[in-house]
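What follows is the residue order along each chain.
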Amino acid sequence: MGFSENQKLKKQKYKNLLIAGLLILLAVLLIFVPLLVEEQYMLASILFMVCSFFPLMIKYEHKKVTSKELVLIAILGAIAAVSRVPFASIPSVQPTTFVIIMAGGVFGAESGFVVGALAAIVSNIFLGQGPWTPWQMYAWGMVGFAAGLLKNTWVMKSSVGRSIFGFITGFLFGWFMNLWVVLTLMNSFNWAQFIGFYTASFYFDLAHALSNVFFLLVFSQSWLKILKRFQKKYGLLTAYG
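From a predicted model like this one, the values you see are computed outputs, not experimental measurements. By convention here, each chain's residues receive numbers from 1 onward along its written sequence. Per-residue local features of the predicted model are confined to residues with pLDDT of at least 70, and side-chain atom pairs are confined, for both listing and counting, to 80 or more; whole-chain, interface and lining totals are unaffected and use all residues. Excluded from the side-chain calculation are hydrogens and water; included are all heavy atoms of the structure.

1. Remarks on the packing of aromatic side chains
- Working definition: rings of Phe, Tyr and Trp (its six-membered ring) pair if their centres are within 6.5 Å, and the pair is stacked with planes under 30 degrees apart, edge-to-face with planes over 60 apart, and tilted otherwise. Counted by the stated rule, this structure contains 16 aromatic pairs.
- With 5.2 Å between their ring centres and 75° between their planes, Phe 98 and Trp 223 make a pair best called edge-to-face. Of the two residues, Phe 98 sits in helix 5 (residues 96-107) while Trp 223 sits in helix 11 (residues 202-234), which places them 125 residues apart along the sequence.
- A network of ring pairs unites the aromatic residues Phe 87, Phe 98, Phe 214, Phe 215, Phe 219 and Trp 223 as a single cluster. Secondary structure is summarised from DSSP: a helix means a run of H or I of at least four residues, a strand means a run of E of at least two, and numbering begins at the N terminus for each.

This is how it looks when you write it as structure tokens:
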């Protein structure tokens, strides 16, 4: 292995550690949102969105990112957000997570994270902002990030693997979102209340998980063909993730 390859590996390792550190920092910031922010959830969400772009910026450092690639990420984020609105009357059932998984699975971890974060804040412009918004941004962002990390594995390359991933992330998303409510109840927290809250959310989490499986089984293959066709034809985001 040559000197230049060692340098590249060290640089990549540094970037990965920096990205991991930023994601951990975002998670820590989330803990303080319901504890310290009062009625300024929109401002907190915008600041959190800006921070959530850091992993993407680090990954794209020293690389030429075209306007087409940025527009593509914005469009996918908008599609994920808008697709949530018509299903608002059906708790936990929406194709947003499906779109985010597809974005990460095709265009990489950082792109998936940004699409997830954008989907949450944009959709909540219509559905209502609140202390849950930054948590949704992080949770959906991490769904896209995880899908990107697994893009070259059996999980993202097979219908069964994608369905299993969608089912698991449906529950993990709900369990993570429950934490912001638990933090707001810190003064009156007890384990019986904690268990009861998570038990009560089971059916909503199950609905989310099953809807993910449905959308992935029915639409993922066609979405993969379309997104990869765009990626190949226009050379979009081929060097990232």
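2. Some points on the layout of surface pockets
- Using protein atoms alone on a 1 Å grid, points that fit a 1.4 Å probe yet trap it form a cavity, whereas open point sets bounded by protein on both sides within 12 Å along at least five of seven lines form a pocket; residues with an atom within 4 Å of a point count as lining. Grid points are joined across faces, edges and corners, and a volume is the space filled by probe spheres set on the points. Space inside the largest pocket adds up to approximately 620 Å³.
- Surrounding the largest pocket, 25 residues form its lining, Arg 84, Pro 91, Ser 92, Gln 136 and Phe 173 being those nearest its centre.
- Listed by contribution, the elements that provide at least two residues to the lining of the largest pocket are helix 7 (133-149), helix 9 (159-184), helix 10 (191-200) and helix 11.
- Sort the elements by how many residues they give to the lining of the largest pocket and helix 9 lands first, with 7 residues.

3. What to know about helix 4 (residues 67-82)
- Under the 1.5 Å per step criterion, the end-to-end length of helix 4 is 22 Å for 16 residues, consistent within 8% with the ideal 22 Å.
- Among the residues making up helix 4, those that are buried are Glu 69, Leu 72, Ile 73, Leu 76, Gly 77, Ala 80 and Ala 81. What a helix should span is 1.5 Å times the count of its residues minus one. Think of it in three bands: with a 1.4 Å probe and only protein chains considered, a residue is buried below 20% of the maximum accessible area for its type, exposed above 50%, and partly exposed in between.

4. Considerations on the environment of Tyr 198
- Counting through the fold element by element, Tyr 198 comes out in helix 10.
- For Tyr 198, a relative accessible area of 17% puts it in the buried group.
- Put simply, Tyr 198 and Trp 175 are 23 residues apart on the chain and 7.2 Å apart in space, counted from C-alpha to C-alpha.

5. Observations concerning the environment of Thr 66
- Relative to the helices and strands, Thr 66 resides in the loop between helix 3 (54-59) and helix 4.
- Put simply, Thr 66 and Gly 235 are 169 residues apart on the chain and 10.0 Å apart in space, counted from C-alpha to C-alpha.

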